[in-house]
Amino acid sequence: MAKKYGNHIVDVACGAHHTCALDKEGRIYTWGWGAYGRLGHKDNKTQMEPEAVELFSMEPPPLNPDIPAFMQHQQMKTRAESITCGATATFVVAKEPVNCLYMFG
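Structure report, in brief. Sequence order as written defines residue numbering, which begins from 1 separately in each chain. At least 70 in pLDDT is required for a residue's local features to be given in this predicted model, at least 80 for side-chain atom pairs to be given and counted, and no such filter applies to totals for whole chains, interfaces and linings, which use all residues. To get the side-chain values, take all heavy atoms of the structure and skip hydrogens and water.

1. Let's talk about the side chain of threonine 78
Argument step 1. Working definition: helices are DSSP H or I runs of at least four residues, strands are E runs of at least two. Numbering for both runs from the N terminus. Note that threonine 78 resides in the loop between α1 (54–57) and β5 (79–85).
Argument step 2. Here threonine 78 falls in the buried class, since its relative accessible area comes to 9%.
Argument step 3. Throughout, a contact is declared for two residues whenever any of their heavy atoms are within 4.5 Å. Look past the residues within four positions of threonine 78 in its chain and what remains in contact with it is Leu55, Phe56, Ala94, Glu96, Pro97 and Tyr102. Here's how the labels work: a residue is buried when its accessible area is under 20% of the maximum for its type, exposed when over 50%, partly exposed in between, all with a 1.4 Å probe on protein chains only.

2. Digging into the sheet that holds strand β6 (residues 90–96)
Argument step 1. Two strands qualify as a pair provided DSSP detects at least 2 bridges between them. Read from one edge of the open sheet, three strands run β5-β6-β7, paired in antiparallel fashion. If you trace the sheet from one side to the other, it starts and ends with β5 and β7 (100–104), each paired once. Adjacent strand axes in the sheet meet at a mean angle of 25 degrees when their direction is disregarded. The axes used here are C-alpha line fits, helices contributing only the stretch in contact, and every angle between their N-to-C directions lies in the interval 0 to 180 degrees.

3. Quick notes on the nonpolar core
Argument step 1. Ala13, Cys20, Leu22, Ile28, Val53, Phe56, Ala80, Ile83, Cys85, Val92, Ala94 and Phe104 together form the largest nonpolar core, which totals 12 residues.
Argument step 2. When residues of this core are traced back to their parent elements, those giving at least two are β2 (18–23), β5 and β6.
Argument step 3. Ranked by residues supplied to this core, first place goes to β5 with three residues.
Argument step 4. Those residues in contact with phenylalanine 104 that lie beyond four places of it in its chain are Ile28, Gly37, Arg38, Leu39, Gly40, Val53, Phe56, Thr88, Ala89, Thr90 and Val92. Buried Ala, Val, Leu, Ile, Met, Phe, Trp, Tyr and Cys residues form a nonpolar core when they are joined through side-chain atoms within 4.5 Å.

4. Here we look at unusual backbone geometry
Argument step 1. The backbone of tyrosine 36 shows a phi angle near 65 degrees, a positive value even though the residue is not glycine.
Argument step 2. Locating tyrosine 36 in the fold gives a position in the loop between β3 (28–32) and β4 (47–52).
Argument step 3. Of note in this structure, lysine 42 is not a glycine but carries a positive phi near 65 degrees.
Argument step 4. Its location among the elements puts lysine 42 in the loop between β3 and β4.

5. With respect to the packing of aromatic side chains
Argument step 1. When two rings of Phe, Tyr or Trp (its six-membered ring) have centres within 6.5 Å they constitute a pair, described as stacked for plane angles under 30 degrees, edge-to-face for angles over 60, and tilted for the intermediate range. If you walk through the whole model with that rule in mind, you get three aromatic pairs.
Argument step 2. Arranged with centres 5.3 Å apart and planes meeting at 85 degrees, the rings of phenylalanine 56 and tyrosine 102 form a pair that is edge-to-face. Placement of the pair is phenylalanine 56 in helix α1 and tyrosine 102 in strand β7, with a sequence separation of 46 residues.
Argument step 3. According to the relative accessible area criterion, tyrosine 102 is partly exposed, its value standing at 23%.
Argument step 4. For the pair phenylalanine 56 and phenylalanine 104, a centre-to-centre distance of 6.4 Å together with 75 degrees between the ring planes defines the contact as edge-to-face. A residue pair is termed long-range when its members are at least 10 positions apart, and phenylalanine 56 in helix α1 and phenylalanine 104 in strand β7 qualify at 48 residues.
Argument step 5. Its relative accessible area of 11% is what places phenylalanine 104 among the buried residues.
Argument step 6. Through a chain of ring-to-ring contacts, the aromatic side chains of Phe56, Tyr102 and Phe104 assemble into a single cluster.

6. Topic: the pairing of β2
Argument step 1. Counting buried positions along β2 gives six out of six residues, so the element sits mostly inside the fold.
Argument step 2. With burial as the criterion, each face of β2 is covered, one bearing His18, Cys20 and Leu22 and the other bearing Thr19, Ala21 and Asp23.
Argument step 3. Here strand β1 (residues 9–14) folds back onto β2 in antiparallel fashion, the turn holding three residues.
Argument step 4. Linking β2 back to β3 in an antiparallel pair, the connection comprises four residues, with glycine 26 at a positive phi of about 95 degrees.

Structure, rendered in structure tokens:
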């Protein structure tokens, strides 16, 4: 069964034993040796195929129409702007909701 990946990959970064790709929507995909958590998948498992990093690919749930808006916390979606990899880590600069540096590994 084929997996669906990003619409258009705009950047790729490689570490010593892992790879990270960024699509035009700001989602990132990682694969390779997962030791030290460098892939960002909340585990240390090795991934031989690209897998979306949940933080940068999830869509926020819609607001509940039965609860007043001021009582709800609207979760913002996080999207990446740039990526780079070190030997044992992945670094991601997020553009949404605010500029922030994330590091896995």
